[in-house]
Amino acid sequence: QVQLVESGGGLVQAGGSLRLSCAASGSIFSDKDMAWYHQAPGKQRMLVASITTADITNYADSVKGRFTISRDSAKNTVYLQMNSLKPEDTGVYYCRASKTRGTTLIFSFWGQGTQVTVSS
């Protein structure tokens, strides 16, 4: 079992920055892939950024060059640095921990989400 707690959301003006944090507990952190998802109002949850256990990162095209995902295994925490924020970045951001073996998903855990609102 993994517990994930997100923090760092808030209200920011367009062009501003926020750093989201996701603290993990309950199991070994370093053997899990981590990711951030964005759910805009009335829309599906979409992958924003991910980082593997080997620190390989991947980003949605809409955030490339603006967002950076990182992980600190000593603190069991994954971060999402969000710069040059746009109104369309508004929504709830969820942290996810997962583990796969080949193409098989072994487990997936989600945090409760943190709200980000970007005003124009």
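So, here's what we can say about the structure. Everything quoted here is computed from the prediction, not taken from an experiment.

### With respect to the overall build of the protein chain
A tally of helices and strands in the protein chain yields 0 helices and 11 strands. For the protein chain, the N- to C-terminal ordering of α and β elements is β-β-β-β-β-β-β-β-β-β-β. Relative to a compact globule of 120 residues, whose C-alpha radius of gyration would be 14 Å, the protein chain shows 14 Å and is just as compact. In the protein chain, buried positions account for 41% of the 120 residues. In the protein chain, once contacts between residues fewer than 6 apart in sequence are set aside, the share between residues at least 24 apart is 54%. Surface exposure of the protein chain reaches about 6400 Å², of which carbon and sulfur atoms provide 49%. In the protein chain, 12 positive and 8 negative side-chain charges are present, and the distance between their average locations comes to 3 Å.

### Notes on the pairing of strand β7 (residues 67–72)
Burial of β7 is one-sided: the residues Phe67, Ile69 and Arg71 facing one way are buried, the residues Thr68, Ser70 and Asp72 facing the other way are not. Inspection of the sheet shows β7 paired to strand β8 (residues 77–82) by 6 bridges, in the antiparallel sense. The partner of Thr68 across the bridge, within β8, is Gln81.

### Considering the pattern of salt bridges
Throughout the structure, instances matching the rule amount to 4 salt bridges. Between Asp31 and Lys32 there is a salt bridge, and its shortest N-O distance comes to 2.9 Å. Judged by relative accessible area, Asp31 falls into the partly exposed class, the value being 30%. Across the salt bridge formed by Asp31 and Lys99, the nearest N and O atoms sit 3.5 Å from each other. Of the two residues, Asp31 is situated in the loop between β3 (18–25) and β4 (33–39) and Lys99 in strand β9 (residues 91–101); the sequence distance between them amounts to 68 residues. A single salt-bridge network, built from bridges that share partners, covers Asp31, Lys32 and Lys99.

Parameters at a glance
- Residues numbered from 1 in each chain as written.
- Predicted model: local features only at pLDDT ≥ 70, side-chain atom pairs only at ≥ 80, totals over all residues.
- Heavy atoms only, no water.
- Helix = DSSP H or I, 4+ residues; strand = E, 2+ residues; numbered from the N terminus.
- Rg over C-alpha atoms; globule rule 2.2 N^0.38 Å.
- Buried < 20%, exposed > 50% of the residue type's maximum accessible area, 1.4 Å probe, protein only.
- Contact = heavy atoms within 4.5 Å.
- Areas by Shrake-Rupley, 256 points an atom, 1.4 Å probe, with all protein chains shown as cover.
- Lys, Arg positive; Asp, Glu negative; His and termini not counted.
- Charge placed at Lys NZ, Arg CZ, Asp CG, Glu CD.
- Pairing = 2+ DSSP bridges.
- Salt bridge = Lys/Arg side-chain N within 4 Å of Asp/Glu carboxyl O.

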